[in-house]
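Each chain is listed here by its residues.
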Amino acid sequence: LEIAGNISGSSTSTGSFGAGYIDNKLGIGTTSPDTAFHIKGTSPVIKTEISSGTNFSGIEFFASSGASSGKVGTFGHTGGTLYIQQSAGNTAIFSNSGITFARDLKIQNQAPFITFDDTQGGVMRIQSNAGDIRISQDSTGDTPSTQTIHITNTGNVGIGKTASNQPTEKLHVDGNVRVEGDI
């Protein structure tokens, strides 16, 4: 099926196409699309849904060579976790002011965190809470259970200290210390 003009239909149409080709621009909710694919509506949404398993659901981008450049989406086993995956090169977040890089990544939440889940089974989390920075890690699992470093919003650094047992000095170590060299 090849279409060069407009197609009109009704909401009760039950027709289906095995494959199709649309030359130039496709508009949903508009008869004058501005881009190759234009959706217009009160709350337009593109839905991708995994029917079963742990497959990828999202949008994948390709270079002119046909090679995958990266993906944005989710995997079936994660239940709502957004993934941004690059295939090669650098990951960049752009601002809307031309080609200027947005060098800051803002995560806003009551107690925002970034989790690094490595392929060897270990996990580390950096979290901010009430101005404090907490670093937790574990050698197994998906959620770090051991807080190893705590930096308070007043500048005290604790090693081996927890949120309930915060550091009270500029450097506060809970455990043995080994120093090689002069102090």
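Scroll up to find the structure this text is about.
Residues numbered from 1 in each chain as written. Predicted model: local features only at pLDDT ≥ 70, side-chain atom pairs only at ≥ 80, totals over all residues. Heavy atoms only, no water.

*Asks:* Can you tell me about the overall build of the chain, naming the residues and giving the values?
*Replies:* Secondary structure assignment for the chain yields 0 helices and 13 strands. Element order for the chain, N to C, with α for helix and β for strand: β-β-β-β-β-β-β-β-β-β-β-β-β. Here the chain, with 183 residues, has 14% of them falling under the buried criterion. Considering only contacts in the chain between residues 6 or more positions apart, those separated by 24 or more positions represent 4%. (Helix = DSSP H or I, 4+ residues; strand = E, 2+ residues; numbered from the N terminus. Buried < 20%, exposed > 50% of the residue type's maximum accessible area, 1.4 Å probe, protein only. Contact = heavy atoms within 4.5 Å.)

*Asks:* Account for a nonpolar patch on the surface, with residues named and values stated.
*Replies:* Taken together, the side chains of Ile59, Phe61, Val72 and Ile84 present a nonpolar region at the surface, about 380 Å² in accessible area. Its location among the elements puts Phe61 in strand β5 (residues 56–62). (Patch = residues over 30% accessible without salt bridge, like charges linked within 9 Å, V, L, I, M, F, W, Y side chains within 5 Å. Areas by Shrake-Rupley, 256 points an atom, 1.4 Å probe, with all protein chains shown as cover. Salt bridge = Lys/Arg side-chain N within 4 Å of Asp/Glu carboxyl O.)

*Asks:* Quick one: what's the story with the pairing of strand β9 (residues 123–129), residue by residue and with numbers?
*Replies:* The sheet contact formed by strand β8 (residues 113–117) and β9 spans 5 bridges and is antiparallel. Each bridged residue has a counterpart across the sheet, and for Phe116 the counterpart in β9 is Met124. Hairpin connection of β8 to β9: 5 residues between the antiparallel strands, including Gly121 at a positive phi of 100 degrees. Direction of pairing for β9 relative to strand β10 (residues 132–138): antiparallel, over a ladder of 7 bridges. The residue of β10 that forms the bridge with Arg125 is Ser136. Where β9 folds back onto β10 in an antiparallel hairpin, the turn is made up of 2 residues, including Ala130, whose phi is positive at roughly 55 degrees. (Pairing = 2+ DSSP bridges.)

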